[in-house]
Amino acid sequence: MSKKGFKSGFVAIVGRPNVGKSTLMNQVIGQKIAIMSDKPQTTRNKIHGVYTTDDIQIVFLDTPGIHKPNSKLGNYMMKAAESALSEVDAVLFLTDVTEDLGGGDRYIIERLKSVNTPVFLVLNKIDKIQPDAMLPVIDKWRKLHNFTEIVPVSALQGNNVNALLEQVSKYLGEGPMYYPADQITDHPEQFVCAELIREKILQMTREEIPHSIAVEIESMSKQDNGLVNIGAVIYVERDSQKGIIIGKSGALLKEIGKQARTDMERLLGSKIFLELWVKVNKDWRNRESVLKTLGFRND
Ligand SMILES: Nc1nc2c(ncn2[C@@H]2O[C@H](COP(=O)(O)OP(=O)(O)OP(=O)(O)O)[C@@H](O)[C@H]2O)c(=O)[nH]1
């Protein structure tokens, strides 16, 4: 899906609680087509949202654990968060301009010093202070770290958020569109759709099948006309099971699809185009993506 000149990348958002991370995401997402998804990109990161235009896609990740650890688990999480920060293309360190610098901020800065990733200081809530009060704030922060860029914004009112996105895009390289621009993926919907397919299979086959299958929703996207395309894979453990599920001239698979689609349309309130594939995979139980569709998560 890579288009020439298309840029993409991953950007982590870090900061103390309440600085406005979610508000910033909502502002970014409100401006352009985007998805909110809780599907983790890796076991360490959660996706906050995806910003997509004709030329660029930025996948914003929430990096959990970047706070002062007070337990062994906290320490472990912290290490994971640090290495996650090295893998992204840029880090947005969000702060609240009305708040004094706290121990939490210093702690985060110390961690950021050990990564090579460009770090943006995003000074949020500028709508709450007078413009001439900004310079001393910038000075204060500048002394603490050599930030790649310092960008003041109001996530709530949207001031300067576009400028922030433009600055970030300078640090991204050419890359693929990781998520379809119109993706509506969301774990609960995917899970229920997979379960509906599984339910039809259970109803239409005999005992030997049910325990050997898993259903994975591979894609879910909405067209401009409202039609939702869903692609799903039914994993079985043996060739003979594949034959059973497909049925004579594909009749059983067709019926499974028809009935599942009817239920999904009721669930999602949209017309659905459902494509089903049957694949033999002895190890489906170890496939991480299948486990995720089934609701097992590492984070
Ligand atoms: N005035 C003003 N308030 C803001 C701005 N951005 C966020 N807020 C407010 O600050 C509060 C916290 O914002 P959140 O977006 O929930 O902060 P967060 O960093 O996601 O918080 P956690 O989820 O606890 O980490 C909310 O009441 C927001 O309305 C801003 O630019 N200006």
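As a reminder, the structure under discussion sits directly above these lines.
Residues numbered from 1 in each chain as written. Predicted model: local features only at pLDDT ≥ 70, side-chain atom pairs only at ≥ 80, totals over all residues. Heavy atoms only, no water.

**Remarks on the overall build of the protein**
Secondary structure assignment for the protein yields nine helices and 11 strands. Classification of the 299 residues of the protein by burial places 47% in the buried group. Split by element, the accessible area of the protein, about 15500 Å² in all, is 49% carbon and sulfur. (Helix = DSSP H or I, 4+ residues; strand = E, 2+ residues; numbered from the N terminus. Buried < 20%, exposed > 50% of the residue type's maximum accessible area, 1.4 Å probe, protein only. Areas by Shrake-Rupley, 256 points an atom, 1.4 Å probe, with all protein chains shown as cover.)

**So, the sheet that holds strand β10 (residues 228-236)**
The strands that make up a sheet are held in pairs by hydrogen bonds between backbone atoms, and each pair lies either parallel or antiparallel. The strand order β9-β10-β11 describes an open sheet built from three strands, whose pairing is mixed. Every interior strand has two partners, whereas the edge strands, β9 (214-222) and β11 (272-280), have only one. On average, adjacent strands in this sheet sit at an angle of 15 degrees to one another, irrespective of strand direction. Alignment of β10 against β11, held across nine bridges, turns out to be parallel. Within the sheet, the bridge partner assigned to G231 lies in β11 and is E275. Its contacts with the sheet put helix α7 (residues 239-246) on β10 and β11, and the angle it makes with β11 is roughly 155 degrees. Contacts from helix α8 (residues 251-268) reach β9, β10 and β11 within the one sheet, and its direction differs from that of β11 by about 135 degrees. (Pairing = 2+ DSSP bridges. Axes fitted to C-alpha atoms, helices over the stretch in contact; angles between N-to-C directions. Contact = heavy atoms within 4.5 Å.)

**As for the site of the ligand**
As a structural note, the neighbourhood of the ligand is formed by 14 residues, with N18, K21, S22, T23 and D127 the closest of them. At 2.8 Å, a side-chain N or O of K21 approaches an oxygen atom of the ligand. For the ligand, an oxygen atom lies 3.1 Å from a polar atom in the backbone of L156. Relative to its unbound accessible area of 650 Å², the ligand is 68% covered by the protein chains. It is helix α1 (residues 21-31) that contributes the most residues to the shell around the ligand, three residues altogether. Grouping the amino acids of the shell around the ligand by side-chain chemistry returns four nonpolar, six polar and four charged. (Near = heavy atom within 4 Å. Polar contact = N/O pair within 3.5 Å; in protein donor to acceptor, adjacent residues only side chain to side chain. Nonpolar A, V, L, I, M, F, W, Y, C, P; charged D, E, K, R; others polar.)

**A closer look at the side chain of S270**
Positionally, S270 belongs in the loop between α8 and β11. On the accessibility criterion, S270 (14% relative accessible area) is buried. Once residues lying within four places of it in the same chain are set aside, the contact partners of S270 are K222, G226, V228 and E265.

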